[in-house]
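Inside the fold
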Amino acid sequence: MRIAVAREADAGEDRVAATPETVKKMKGLGADIAVEPGAGTKSGILDAEFATAGATVTGSAVADADVVLKVRRPTPAELAGYKKGALVIAIMDPYGQDAALKAMADAGVTAFAMELMPRISRAQVMDVLSSQANLAGYRAVIDGAAEYGRALPMMMTAAGTVPAAKVFIMGAGVAGLQAIATARRLGAIVTATDVRPAAKEQVESLGAKFVAVEDEEFKQAETAGGYAKEMSKDYQAKQAALVAEHIKKQDIVVTTALIPGRPAPKLISKDMVASMRPGSVIVDLAVERGGNCELAKPGEVADVNGVKIVGHLNVPGRIAASASSLYAKNLYAFLEILIDKKEQALAVKWDDEIVKATALTRDGAVVHPSFTPKSAA
């Protein structure tokens with residue numbers, strides 16, 4: 001059983017799919033581990049560290065691999081080097097990517113999408129969305145503070161008092177809650193909003209004030225999976241009016257609202273941006289899906305009349321060492337359920353609910369029910 005750790009082809013991806021710690025654990029499962037040269041360099045892991053952990057560092061790592069571990073979905077050029085029947089495990093970003101899914105099916109690989117992990121207790125340790133969003137929420141506040149140009153905590157000095165910054169977090173999922181906690185630790189006055197009623201208690205438990213229109217629709221606004229429901233136009237208008245008034249007084253706003261597979265909801269209009277004081281900062285964590293802020297630009301820090309709008313891509317990758325460490329552990333936990341420890345061989349249980357939820361392609365076809373091609377009528 002050969003497991004390969006691929007070097008990411010995307011120049012903007014600094015994370016890696018394994019660490020020396022997980023290499024040792026995978027060897028404990030009976031696997032031979034091969035790592036492509038330079039795979040961990042951007043995460044601060046040198047080839048020598050992988051070699052010391054027991055991996056072989058080789059340019060032909062993926063050629064005969066039974067399992068290929070990646071951060072991002074493989075490109076067609078990468079797929080050409082994979083063995084037919086290999087398991088490829090990565091963050092696949094499958095929504096609206098029919099051609100890319102077909103390419104993986106045509107290459108004959110069995111692709112697993114880590115972000116489709118079901119929300120069950122057994123899968124928590126494999127939940128890449130949570131592990132990476134947690135770090136993104138932290139980094140968003142750090143990036144916002146860096147652009148803000150003023151101190152966040154109140155400081156009383158002989159020369160005068162520095163007022164505490166006001167930070168507003170929009171969306172109180174994993175990223176939002178970590179953003180709240182980080183902003184609080186830095187001494188800011190923090191408020192937050194979310195359309196899910198359960199979020200109010202979580203927000204307040206972290207010491208932030210909750211801001212929302214709490215009507216009947218609000219009380220029903222959560223899916224069984226724990227995601228926010230799409231709200232009615234009427235509710236959106238009421239919430240937008242409340243937020244518009246609140247946002248005028250904020251120094252840093254972090255937006256985290258995203259529903260999997262859909263464009264990011266627009267939460268901050270250009271009029272709201274215009275109402276903010278020069279020197280204020282907006283950090284848009286949903287910029288890769290169109291952005292929560294109307295004026296956000298992917299991969300840029302835009303300046304709109306003195307208001308900075310931060311649109312960094314791949315925010316977890318901005319703290320690649322921490323993100324890689326958590327992601328690698330997510331992958332290892334998933335690998336464990338695919339391997340027979342006694343036989344030290346791959347033994348995928350296709351009826352396992354975790355396997356069924358994450359398998360995208362198998363035997364030359366796209367098999368996930370949410371992504372199978374619609375046959376022509």
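Each chain has its residues counted from 1, running along the sequence as written. Given that this is a predicted model, residues contribute local features only at a pLDDT of at least 70 and side-chain atom pairs are listed and counted only at 80 or more, while totals for whole chains, interfaces and linings are drawn from all residues. To obtain the side-chain values, all non-hydrogen atoms of the structure were included, while hydrogens and water were left out.

Two strands are said to pair when DSSP picks up at least two bridges between them. Numbered from the N terminus, helices here are DSSP runs of H or I no shorter than four residues, and strands are runs of E no shorter than two. The mixed open sheet is built from 8 strands, whose spatial order is E3-E2-E1-E4-E5-E6-E18-E19. Lying at the two open borders of the sheet, with one neighbouring strand each, are strand E3 (56–57) and strand E19 (365–366). Together, strand E6 (110–113), strand E18 (359–362) and E19 form the strand contacts of helix H4 (residues 98–106), whose direction differs from that of E18 by roughly 45°. By definition in these notes, contact holds between two residues if any of their heavy atoms fall within 4.5 Å. Angular values range over 0 to 180 degrees, each being the angle between N-to-C directions of two axes fitted as lines to C-alpha atoms, with helices fitted over their stretch in contact.

Here we come to the sheet that holds strand E10 (residues 189–193). Remark on secondary structure: sheet strands pair via backbone hydrogen bonds, oriented parallel or antiparallel. One open sheet accounts for 7 strands, arranged E11-E10-E9-E12-E13-E15-E14; its pairing is mixed. The outermost strands of the open sheet, each flanked by one partner alone, are strand E11 (209–210) and strand E14 (301–304).

Its location among the elements puts Arg139 in helix H5 (residues 128–148). Given a relative accessible area of 18%, Arg139 falls into the buried group. Polar contacts here mean pairs of N or O atoms no more than 3.5 Å apart (in protein, one a potential hydrogen donor and the other a potential acceptor; neighbouring residues in sequence count only if both atoms are side-chain atoms). Within the structure, the side chain of Arg139 is placed 3.3 Å from the backbone oxygen of Arg318, a separation counted as a polar contact. Aside from chain neighbours lying at most four places away, what touches Arg139 is Val315, Arg318 and Ile319. Using a 1.4 Å probe on the protein chains alone, a residue whose accessible area is under 20% of its type maximum counts as buried, one over 50% counts as exposed, and one in between counts as partly exposed.

Between H5 and helix H6 (residues 174–185), the least distance of the axes is 7 Å, while the angle of their chain directions is 40°. In terms of orientation, H5 and H6 fall into the oblique class. Regarding H5 and H6, the two cross each other, and that crossing is right-handed. Residues Ser130, Ala133, Asn134, Gly137, Tyr138, Val141 and Ile142 of H5 pack against Val174, Ala175, Gln178, Ala179, Thr182 and Ala183 of H6. Polarity classes work like this: nonpolar for Ala, Val, Leu, Ile, Met, Phe, Trp, Tyr, Cys and Pro, charged for Asp, Glu, Lys and Arg, and polar for all others, with Gly in that last group. For the contact of H5 with H6, the per-class residue count stands at 8 nonpolar, 5 polar and no charged. Oblique is the label for every angle not falling under 35 degrees (roughly parallel), over 145 degrees (roughly antiparallel), or within 65 to 115 degrees (roughly perpendicular). Helix crossings fall into two classes, left-handed where the near helix is turned counterclockwise from the far one by less than a right angle and right-handed where it is turned clockwise.

Worth remembering: the numbers are spatial, not functional.
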